[in-house]
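The residues making up each chain are set out below.
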Amino acid sequence: LARKSAQQGMRLALVDFNADALADTTKALGKEFPDLSPPLAVVANVADQKQMDTLGESVRAHFGSAPHYVVNNAGVAHGGLVWENTMEEWDWLLGVNLMGVIHGIRVFTPMMLAAARSDAAFRGRIINTSSMAGMVSIPLSGMYNVSKHAVVTLTETLYQDLSLVTDQVSASVLCPFFVPTGIATSQRPV
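Residues numbered from 1 in each chain as written. Predicted model: local features only at pLDDT ≥ 70, side-chain atom pairs only at ≥ 80, totals over all residues. Heavy atoms only, no water.

1. Let's talk about the overall build of the protein
We count it as follows: The helix and strand labels rest on DSSP assignments: H or I over at least four residues marks a helix, E over at least two residues marks a strand, and numbering proceeds from the N terminus. In this scheme, a residue with accessible area under 20% of its type's maximum is buried, one over 50% is exposed, and one in between is partly exposed, where area comes from a 1.4 Å probe on protein chains only. Any two residues having at least one pair of non-hydrogen atoms within 4.5 Å are treated as being in contact. Here, Shrake-Rupley sampling with a 1.4 Å probe gives the accessible areas, and only protein chains in the shown set may cover a residue. Under the convention used here, Asp and Glu are negative, Lys and Arg are positive, and both His and the chain ends fall outside the count. Working definition for charges: the position is that of NZ of Lys, CZ of Arg, CG of Asp or CD of Glu.
Looking only at helices and strands, the protein has five helices and five strands in total. Walking the protein from its N terminus toward its C terminus, one meets helices and strands in the order α-β-α-β-α-β-α-β-α-β. Each principal axis of the C-alpha distribution contributes one length, and for the protein these read about 50 × 40 × 30 Å. The buried share of the protein, taken over its 190 residues, is 39%. A sequence separation of at least 24 residues applies to 67% of the contacts in the protein between residues at least 6 apart. Here the protein displays about 11,100 Å² of accessible surface, and carbon together with sulfur accounts for 58% of that area. Positive and negative charge centroids in the protein, built from 13 and 16 side chains respectively, lie 7 Å apart.

2. Thoughts on helix 2 (residues 19–32)
Note the cut-off: Each helix should span, by expectation, one fewer than its residue count multiplied by 1.5 Å. Working definition: the arc comes from the directions between the helix axis and the C-beta atoms, pointing outward to the latter. Contacts described as polar in this section are N or O atom pairs within 3.5 Å, which, within protein, must combine one atom able to donate a hydrogen with one able to accept it, while residues neighboring in sequence count only if both atoms come from side chains.
With 14 residues, helix 2 extends 20 Å from end C-alpha to end C-alpha; this agrees with the ideal 20 Å at 1.5 Å per step. For helix 2, every residue scored as buried is listed here: L22, T26 and L29. All buried residues of helix 2 project into a common sector of 65 degrees when viewed along the axis, lining one side. Those residues of helix 2 that are exposed and aimed more than 90 degrees away from the buried face are D20, D24, K27 and K31. Elements in contact with the buried residues of helix 2: helix 1 (2–7), strand 1 (13–16) and strand 2 (40–43). Regarding helix 2, its N-cap is N18, as a side-chain oxygen of that residue lies 2.9 Å from the backbone nitrogen of D20 further along.

3. What about the environment of L29?
Note that L29 resides in helix 2. Residues L29 and A2 lie 27 residues apart in sequence; the distance between their C-alpha atoms is 8.0 Å. For L29, the residues in contact, after removing those within four places along its chain, are A2, R3, A6, L12, L14 and P39.

4. Some words on a nonpolar patch on the surface
This is how the line gets drawn: Each patch is built from salt-bridge-free residues with over 30% relative accessible area, joining like charges within 9 Å and nonpolar side chains (Val, Leu, Ile, Met, Phe, Trp, Tyr) within 5 Å. Salt bridges are defined by distance alone: a side-chain nitrogen of Lys or Arg within 4 Å of a carboxyl oxygen of Asp or Glu.
Where nonpolar side chains cluster on the molecular surface, the patch consists of L81, V82, W83 and L140 and spans about 430 Å² of accessible area. For L140, the location among the structural elements is in the loop between strand 4 (124–129) and helix 5 (142–165). With a relative accessible area of 52%, L140 lands in the exposed category.

5. Section: the packing of helix 3 (residues 49–63) against helix 4 (residues 87–118)
How we decide: Orientation is described by lines fitted to C-alpha atoms, with helices fitted over the stretch in contact, and by angles between N-to-C directions that extend from 0 to 180 degrees. Each helix crossing is assigned a hand: it is left-handed if the near helix lies turned anticlockwise from the far helix by less than a right angle, otherwise right-handed if that turn is clockwise.
Where helix 3 contacts helix 4, the axes come no closer than 10 Å and their chain directions differ by 35 degrees. For the crossing formed where helix 3 meets helix 4, the hand is right-handed. Touching Q49, M52, D53, L55, G56, V59 and R60 of helix 3 are G100, H103, G104, R106, V107, F108 and M111, all from helix 4.

Here it is, written out as structure tokens:
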């Protein structure tokens, strides 16, 4: 997604919990798109309210305006029988998969709405990544299913709420099937 956005000439803010992965992506984009302004690269835990508030301030300071696109794409997975998952596992998974999206909406939607009020040409979109697990319930994936179903309904509600106040900012939900990412090896922070 970062590469495709860079191909379109977009200025990017990239966020990752993993500093090494973030640095690798930033470096690769710099090599592939040397004429593009370097991305704002922020190491942050999307589940942490204060870190997300700081991210919003950093984005506004770096770009001088609200983003036109916000993609809430962080995700982790954990399986097992739903009654055997610990509260720590629930907190971790819902923190990233659901609260991360909530924080992205909470931080960036007001910024985008303010930009829309001050500029009739401003257009913005919030894109939340869910999963096909947000549409079906796969066995041995209860926590993941719950989080992804919640992201679907949260995004559908956000879309409806935004349509009540503006036609300049909207929302979409992405529900991919199996995609080769690092989610299968996601680990809880120690």
